[in-house]
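# A look at the structure
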Amino acid sequence: MSSITPPPIDIRLEKEQEEKKQKGKEKAEACPHTIIKVARDEDLGEQIGKEIYFDLVDHDKVRTFHIQKQMPFTQFKQMR
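Quick caveat, the model's predicted, so the values are computed rather than measured.

Cut-offs applied
- Residues numbered from 1 in each chain as written.
- Predicted model: local features only at pLDDT ≥ 70, side-chain atom pairs only at ≥ 80, totals over all residues.
- Heavy atoms only, no water.
- Helix = DSSP H or I, 4+ residues; strand = E, 2+ residues; numbered from the N terminus.
- Buried < 20%, exposed > 50% of the residue type's maximum accessible area, 1.4 Å probe, protein only.
- Contact = heavy atoms within 4.5 Å.
- Phe/Tyr/Trp six-rings, centres within 6.5 Å; stacked < 30°, edge-to-face > 60°.
- Salt bridge = Lys/Arg side-chain N within 4 Å of Asp/Glu carboxyl O.

### Thoughts on the environment of K61
Counting through the fold element by element, K61 comes out in the loop between α2 (41-47) and β2 (63-68). Looking at K61, the relative accessible area reads 61%, which means it is exposed. Spatially, the C-alpha atom of K61 lies 8.7 Å from that of Q47, the residues being 14 residues apart in sequence. Not counting residues within four places of it along the chain, the set of residues in contact with K61 comprises D43 and Q47.

### Notes on the packing of aromatic side chains
All told, the structure shown has two aromatic pairs when counted by the stated rule. When the centroid spacing of 5.0 Å and the interplanar angle of 90° are considered together, the rings of F65 and F76 count as edge-to-face. A residue pair is termed long-range when its members are at least 10 positions apart, and F65 in strand β2 and F76 in helix α3 (residues 73-79) qualify at 11 residues. Classification of F65 by relative accessible area gives buried; the value is 4%. On the accessibility criterion, F76 (4% relative accessible area) is buried. With 6.1 Å between their ring centres and 40° between their planes, F73 and F76 make a pair best called tilted.

### Topic: the environment of H33
Following the sequence through the fold, H33 ends up in strand β1 (residues 33-38). Spatially, the C-alpha atoms of H33 and Q68 are 4.2 Å apart, while their sequence positions differ by 35 residues. Aside from chain neighbours lying at most four places away, what touches H33 is I67, Q68 and K69.

### A look at the pattern of salt bridges
In total, this model carries two salt bridges according to the counting rule given. The closest approach of N and O atoms between D60 and K37, which form a salt bridge, is 3.9 Å. One end of the pair, D60, is in the loop between α2 and β2; the other, K37, is in strand β1, and 23 residues separate them in sequence. Exposure remark for D60: the relative accessible area of 67% places this residue in the exposed category.

As structure tokens, this is what we get:
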């Protein structure tokens, strides 16, 4: 009967953290685009009214944008 001793906990923990970090990196690189929904003034006017604005809006009825994850907000504002 041979006894197999597991590696020290700190080595296992470090290896698990590296694997988790690599999985996260691979997942982030897998799809460089994301979908966002933006409630614009037009959406608020159509859904709520012209004179009274609330912060509630039906996000199923607002415009959807497909953008790159790394796109700065200022660049996004210029494209709409």
